[in-house]
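The primary structure of each chain is shown beneath.
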Amino acid sequence: MKEENKGKTVLITGASNGFGMEFAKLFARDGYNLILVARSTERLKNLGYQLQDEHELEHVCIITADLTRPEAAREVYDEVRKSGIRVDVLVNNAGAGVHGLFYETDLEREKAIMQLNNFTPVELTKLFLQDMMLRDSGKILNVASVVSFMPSPLMAIYGATKAFMMSFSEALSDELKDTNITVTVLCPGASNTMFFRRAGAAHTRAANGKLSEPEEVARDGYEALMKGETRIVSGLINKAQTVVSAIVPDSAMASTMRHMMEEEPDEPAESKL
Ligand SMILES: NC(=O)c1ccc[n+]([C@@H]2O[C@H](COP(=O)([O-])OP(=O)(O)OC[C@H]3O[C@@H](n4cnc5c(N)ncnc54)[C@H](OP(=O)(O)O)[C@@H]3O)[C@@H](O)[C@H]2O)c1
């Protein structure tokens, strides 16, 4: 436990799984009290109370919320305010995607994803940032993706929501440069979490290729957040991919991404001999 973090609190959305769960472990290790938000109450409770015991945290607060609901951000904020807890760090991590051709995918599902990936984190940021401004202190971490840098065929809405998060975060980071508040955007590549399965993309090349481990991704994001860096791309291959995307035309990046989001066809029988 780091003494300087005693009494500080982090709010993490999507803490029941994947990166969010790993963020919770890192913050708890360093002495932060936790507010964990997601839909899976039992998973949040198991994680939160275990971390509280392990690290002797003063308080752990579990908030069950479906962040695809337009009212959710305000309800989460009001619940935190009512409990009298000050949020020192906000981690907008919860997110989801949907795989498929845009003309075939379900619009209602996509509207929910835009709410979850963009409108809810924007509103949470607005509400908690205004409190941080009064204290001139705070940190915000937004989880975007390497697909923030390039078009994302077969996950067009998801890619667009992540491009939004990167642009939004970097603009805020600049607006806040004369304050003691920092905004960091984390851009992971394909990773070993529930994400692809939930997006209906478990069969794609991306999901079956080299995946980053959530522990490493969360550690990269956590370290960049603590240093107050604006953007962190997690992993060497992903870093290289974003550099290439700045040079190669978007149409070529789109073709590559489409290939990755397609299913690997079975090898022809004769080639298996
Ligand atoms: N894995 C990757 O390859 C990858 C790559 C780049 C970026 N990302 C981004 O990383 C973030 C975390 O994803 P992950 O990979 O850790 O995926 P994950 O294992 O599927 O975890 C997603 C988390 O978000 C929460 N969540 C999903 N829908 C929610 C809803 N409607 N309301 C509240 N919480 C919700 C889930 O909790 P409940 O189900 O309990 O609600 C879960 O805790 C996302 O923003 C994702 O877009 C992932």
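In short, a report on the structure. Everything quoted here is computed from the prediction, not taken from an experiment.

1. Some points on the nonpolar core
Judged by nonpolar contacts, the single largest core of 53 residues is most densely connected at Leu11, Ile35 and Val76. The leading source of residues in this core is helix α4 (residues 107-135), at seven residues. In terms of nonpolar packing, the next biggest core, distinct from the first, is built from 31 residues, Ala24, Ala38, Ile62 and Val143 among them.

2. Section: the environment of Thr161
By secondary structure assignment, the location of Thr161 is in helix α5 (residues 156-175). Along the sequence, Thr161 and Asn208 sit 47 residues apart, while their C-alpha atoms lie 23 Å from each other. Contacts of Thr161, omitting those with residues within four sequence positions, involve Ile113, Met114, Asn117 and Asn118.

3. Looking at the packing of helix α1 (residues 18-29) against helix α2 (residues 41-55)
Each packed pair of helices is defined by two parameters, the angle between the axes and the distance between the axes. The geometry of α1 relative to α2 is characterised by a closest axis approach of 10 Å and an angle of 20° between their N-to-C directions. Taken together, α1 and α2 sit at an angle that is classed as roughly parallel. When you trace α1 past α2, the crossing you get is right-handed. Where α1 abuts α2, its residues Met21, Ala24, Lys25, Ala28 and Arg29 lie against Arg43, Leu47, Leu51 and His55. Taken together, the residues of the contact of α1 with α2 sort by class into five nonpolar, one polar and three charged.

Rules of the game
- Residues numbered from 1 in each chain as written.
- Predicted model: local features only at pLDDT ≥ 70, side-chain atom pairs only at ≥ 80, totals over all residues.
- Heavy atoms only, no water.
- Core = buried A, V, L, I, M, F, W, Y, C linked by side-chain atoms within 4.5 Å.
- Buried < 20%, exposed > 50% of the residue type's maximum accessible area, 1.4 Å probe, protein only.
- Helix = DSSP H or I, 4+ residues; strand = E, 2+ residues; numbered from the N terminus.
- Contact = heavy atoms within 4.5 Å.
- Axes fitted to C-alpha atoms, helices over the stretch in contact; angles between N-to-C directions.
- Parallel < 35°, antiparallel > 145°, perpendicular 65-115°, else oblique.
- Left-handed = near helix turned anticlockwise from the far one by under 90°.
- Nonpolar A, V, L, I, M, F, W, Y, C, P; charged D, E, K, R; others polar.

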